Amino acid sequence: MHDSLWAAATHHTFLDAVRDGTISDSAFDRWLVQDALFVADLLTFQARLLARAPHAARAVLAGGCVALVAELDWFDEQAARRRLDLNAPALPATLAYRLLLQRMDIEPYEAAVTALWVLERVYLLAWTSAVSDSSPFDEFVEHWSTPEFKDYVDALGELAEPNRHAELISDVLTHEVAFWDMALA
């Protein structure tokens, strides 16, 4: 049902350019700054989701929150290394994703955790598609395609109910495509 959206979100021109090493530093850096802003929003969303999650889901969601805190520290390191301003304004695609996460805050837990699983699964599959032996961005690709991240996404998959939330899945995938597009604009 969502095959074309999954493909668009996980095999995007941005990812091809990262894999091939043809993406400009400015496009990659624009995306990186916006992703840091998104991760901060995601942490807020996920912490709220953790607070209302059933007991059986809390360990997975708490682990995800801890990983997001570490991810934000990693973004700070990258920003210092690449001389990026992580206080830059959020671009329209980032703001739209923020609004989607805020909408998920008021959705039932089952819908919200499914949205979280979709956005994390898309991210894993997308970066896995960008794996290359020769890209100057390999360290980033490796960072976002680790076995630990895959295990986390699989654990989220155990909590998700994708068959019950088709429209939400489309929304997340559409936002993800727009987020990749934003880097190339």
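Residue numbering note: each chain is counted from 1, following its sequence as written. Only residues with pLDDT of at least 70 get local features here, since the model is predicted, and only at 80 or more are side-chain atom pairs given and counted; chain-wide, interface and lining totals rely on the full set of residues. Hydrogen atoms and water are omitted, and side-chain values are computed over all heavy atoms in the structure.

## Some details on the packing of aromatic side chains
How we decide: Note on ring pairs: Phe, Tyr and Trp rings are taken, using the six-membered ring of Trp, and paired if centres are within 6.5 Å. Classes follow the plane angle, with under 30 degrees stacked, over 60 edge-to-face and the rest tilted. Each helix is a run of DSSP H or I of at least 4 residues and each strand a run of E of at least 2, with the numbering of both proceeding from the N terminus. Exposed residues in this analysis have more than 50% of their type's maximum accessible area, buried residues have under 20%, and partly exposed residues fall in between, with area computed by a 1.4 Å probe over protein chains only.
Tallied over the full model, the rule gives 27 aromatic pairs. Ring centres of W31 and W180 lie 5.6 Å apart, and the angle between their planes is 15 degrees; on these two criteria the pair is classed as stacked. Of this pair, W31 sits in helix α3 (residues 25–52) while W180 sits in helix α9 (residues 166–184), and the two are 149 residues apart along the sequence. Each member of the pair, W31 together with W180, is buried. Ring centres of W127 and W144 lie 4.7 Å apart, and the angle between their planes is 40 degrees; on these two criteria the pair is classed as tilted. Of the two residues, W127 sits in helix α6 (residues 109–129) while W144 sits in the loop between α7 (138–143) and α8 (147–159), which places them 17 residues apart along the sequence.

## Quick look at unusual backbone geometry
Phi is positive for R83, close to 55 degrees, though the residue is something other than glycine. Mapped onto the elements, R83 comes out in the loop between α4 (55–82) and α5 (92–105).

## Looking at the side chain of H12
This is how the line gets drawn: Here a polar contact is taken to be a pair of N or O atoms separated by no more than 3.5 Å, where protein atoms must pair a possible hydrogen donor with a possible acceptor and residues adjacent in sequence count only if both atoms sit in side chains. Two residues qualify as a contact provided that any one of their heavy atoms is within 4.5 Å of a heavy atom in the partner residue.
Looking at where H12 falls in the secondary structure, it is placed in the loop between α1 (3–10) and α2 (13–20). On the basis of relative accessible area, H12 is assigned to the buried category, the value being 8%. Reaching out from H12, the side chain makes a polar contact with the side chain of D181 at a distance of 2.5 Å. When neighbours within four sequence positions are excluded, H12 is seen to be in contact with V177, W180, D181 and L184.

## Points about the pattern of salt bridges
Condition: A side-chain nitrogen of Lys or Arg and a carboxyl oxygen of Asp or Glu constitute a salt bridge if their distance falls within 4 Å.
The final tally for this structure, using the stated rule, is ten salt bridges. Ionic pairing is found between D20 and R19, a salt bridge with its closest N-O pair at 3.4 Å. Note on R19: relative accessible area 24%, which makes it partly exposed. Residues R164 and E161 are paired through a salt bridge, measuring 2.4 Å at the closest nitrogen-oxygen approach. Taking the relative accessible area as the measure of exposure, E161 reaches 25% and is therefore partly exposed.

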